[in-house]
Amino acid sequence: MEVAVLNITGKDTGRKVELSNEVFGIEPNDHAIYLDVKQYLANQRQGTHKAKERADIAGSTRKIKKQKGTGTARAGSIKSPVFRGGGRVFGPRPRNYSFKLNKNLKRLARKSALSIQAKDNNLVVIEDFNFEAPKTKEFINVLKALELDTKKSLFVLGEESKNVYLSSRNLKKSKVVGASGINTYSVLNANKVIITESCLEGIESNLSK
């Protein structure tokens, strides 16, 4: 698959690059995508939720009424869940939601996500670029030139593009990652995926293993 190379002004440079069919042209595996996205979202959860159960409630433990003869149900403690102010039954406890996935499955999921974006013409290859200093305004100008200022975008840049990364941090709809930072969720969540020329080889070598 051949893709035209653009510059940061959105104009065609007249050059084209060949995308590997092993990475950008496979038949997407929906189940692999589902599992990888599920793991990514699970890893974002803090898992610090906690409800007070009867052992955590402050209160007397004396028996509040006699066992028999009242005509009502038996009751042993005011901290019982059946009373107002009592503990919660089976409330949430702190837990870790993360789970492991096979490396080959994660690699397949990322290749599937990139293939979907390539098939839908949502993949853009641009020349390598960097800023002399971190400036959000310069990054916004790049987005406008590529007609991405109102869309969600994922930029995959070289490791030396630190100023570009710093320039994009205040923008909610744009995300900048390195070639090793690609994940299935970010690829599919973007309306456009923009990859620099220098990153293509690294992406293809990482995902073709």
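For the structure, see preceding data.
Predicted model only: the values in this text are computed from it and were never measured.

S.K.: Describe the environment of Leu-154, listing the residues and the values that go with them.
M.R.: You can see Leu-154 is positioned in strand β4 (residues 153-157). Overall, Leu-154 belongs to the buried group, its relative accessible area being 1%. Each C-alpha atom of the pair Leu-154 and Leu-166 lies 14 Å from the other, and the pair is 12 residues apart in sequence. The residues touching Leu-154, leaving out its near neighbours within four places in the chain, are Lys-175, Val-177, Ser-186, Val-187, Ala-190, Lys-192, Val-193 and Ile-194.

S.K.: Explain the sheet that holds strand β2 (residues 12-18) to me, using residue names and the numbers behind them.
M.R.: Strand order across the open sheet formed by 6 strands is β2-β1-β3-β6-β4-β5, with mixed pairing between neighbours. The open sheet has two edge strands, β2 and β5 (174-178), and neither has a second partner. Across the sheet, the mean angle separating the axes of adjacent strands is 30° when strand polarity is ignored. Docked against the sheet, helix α4 (residues 136-145) engages β4 and β5, running at close to 110° with respect to β4. Here helix α7 (residues 197-207) sits on the sheet and contacts β1 (2-6), β2, β3 (123-126), β4 and β6 (192-196); the angle it forms with β6, its principal contact strand, is near 100°.

S.K.: Mind laying out the packing of aromatic side chains, listing which residues take part and the relevant values?
M.R.: Considering all chains together, one arrives at 3 aromatic pairs under this definition. Centre to centre, the rings of Phe-129 and Phe-131 are 5.8 Å apart; their planes meet at 55°, and the pair counts as tilted. Positioned above the aromatic ring of Tyr-97, the side-chain terminus of Arg-45 is 3.7 Å from the ring centre. Between Arg-95 and the ring centre of Tyr-97, over which it is positioned, the NZ or CZ distance is 4.0 Å.

Thresholds, definitions, all that
Residues numbered from 1 in each chain as written. Predicted model: local features only at pLDDT ≥ 70, side-chain atom pairs only at ≥ 80, totals over all residues. Heavy atoms only, no water. Helix = DSSP H or I, 4+ residues; strand = E, 2+ residues; numbered from the N terminus. Buried < 20%, exposed > 50% of the residue type's maximum accessible area, 1.4 Å probe, protein only. Contact = heavy atoms within 4.5 Å. Pairing = 2+ DSSP bridges. Axes fitted to C-alpha atoms, helices over the stretch in contact; angles between N-to-C directions. Phe/Tyr/Trp six-rings, centres within 6.5 Å; stacked < 30°, edge-to-face > 60°. Lys NZ or Arg CZ within 6 Å of the ring centre and 35° of its normal.

Honestly, that's just the spatial picture; any functional story needs more than this.
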